[in-house]
Amino acid sequence: DAMALVPKFGKPDLFITITCNPSWPEIKEHMLSIDEAHNRPDLLAQVFHAKLDFLKHQLFKIEIFGPVATYTYVVEFQKRGLPHAHFLVILEVGSKLYFTESYDKIVSAEIPDRTTNQHLFSMV
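Reading the values: the criteria
Residues numbered from 1 in each chain as written. Predicted model: local features only at pLDDT ≥ 70, side-chain atom pairs only at ≥ 80, totals over all residues. Heavy atoms only, no water. Helix = DSSP H or I, 4+ residues; strand = E, 2+ residues; numbered from the N terminus. Rg over C-alpha atoms; globule rule 2.2 N^0.38 Å. Contact = heavy atoms within 4.5 Å. Areas by Shrake-Rupley, 256 points an atom, 1.4 Å probe, with all protein chains shown as cover. Lys, Arg positive; Asp, Glu negative; His and termini not counted. Charge placed at Lys NZ, Arg CZ, Asp CG, Glu CD. Phe/Tyr/Trp six-rings, centres within 6.5 Å; stacked < 30°, edge-to-face > 60°. Buried < 20%, exposed > 50% of the residue type's maximum accessible area, 1.4 Å probe, protein only. Pairing = 2+ DSSP bridges. Axes fitted to C-alpha atoms, helices over the stretch in contact; angles between N-to-C directions.

A. Structural detail: the overall build of the protein chain. Along the backbone of the protein chain there are five helices and three strands. Mapped from its N terminus to its C terminus, the protein chain presents α and β elements in the order α-β-α-α-β-β-α-α. Rg of the C-alpha trace for the protein chain: 18 Å, well past the compact-globule value of 14 Å for 124 residues, more than 25% over. In terms of overall dimensions, the protein chain has C-alpha extents of about 50 × 35 × 25 Å along its principal axes. In the protein chain, 55% of the contacts between residues at least 6 apart in sequence involve partners at least 24 apart. For the protein chain, the exposed area adds up to about 9000 Å²; of that, 57% sits on carbon and sulfur atoms. Considering the protein chain, the positive charge centre built from 12 side chains and the negative charge centre built from 15 side chains are found 3 Å apart.

So, in structure tokens, the structure goes:
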């Protein structure tokens, strides 16, 4: 429980979400041309689980954000059947992000390019 972690380790440093994307190549390559992703929950769950394991490996073994003191996560399913996971990560004291510049190194947001992605550009 996240509420039990805060008194012992402090406030979470990172909130990370991973959402299953039915357009992932690992999903598309195993579907028939007439298949629709929501009709293949077995495939979606299997690929999502593999990607989730890779993310956990990157976060907790490779320590891409630094050593982790503790974490908790939950996997949920959207109405369309797509799985997603939410992580709360508390970093070790020496790895905490105290300044805006620290977050700027790990977070990136861009306005989509008008010529290569007109649909997303128009949404912004």
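The structure having been displayed, the exposition proceeds.
B. A look at the packing of aromatic side chains. For the structure shown, the criterion picks out four aromatic pairs. Plain terms: the ring middles of F60 and Y71 are 3.7 Å apart, the flat faces sit at 15 degrees to each other, and that makes the pair stacked. Of the two residues, F60 is situated in helix α3 (residues 41-60) and Y71 in strand β2 (residues 68-77); the sequence distance between them amounts to 11 residues. Since its relative accessible area comes to 18%, F60 is described here as buried.

C. Structural view of the sheet that holds β2. Spatial strand order, β1-β3-β2: three strands in an open sheet with antiparallel pairing. With partners counted over all chains shown, the strands left at the sheet margins are β1 (14-19) and β2, one partner each. Pairs of neighbouring strands in the sheet enclose a mean axial angle of 15 degrees, with direction left out of account. Sheet analysis places β2 next to strand β3 (residues 83-91), joined by nine bridges and oriented antiparallel. Note that in β3 the partner of Y71 across the bridge is V89. Lying on the sheet, α3 is in contact with β1, β2 and β3; it crosses β3 at an angle near 10 degrees.

Function cannot be read off these values alone, since they describe shape.
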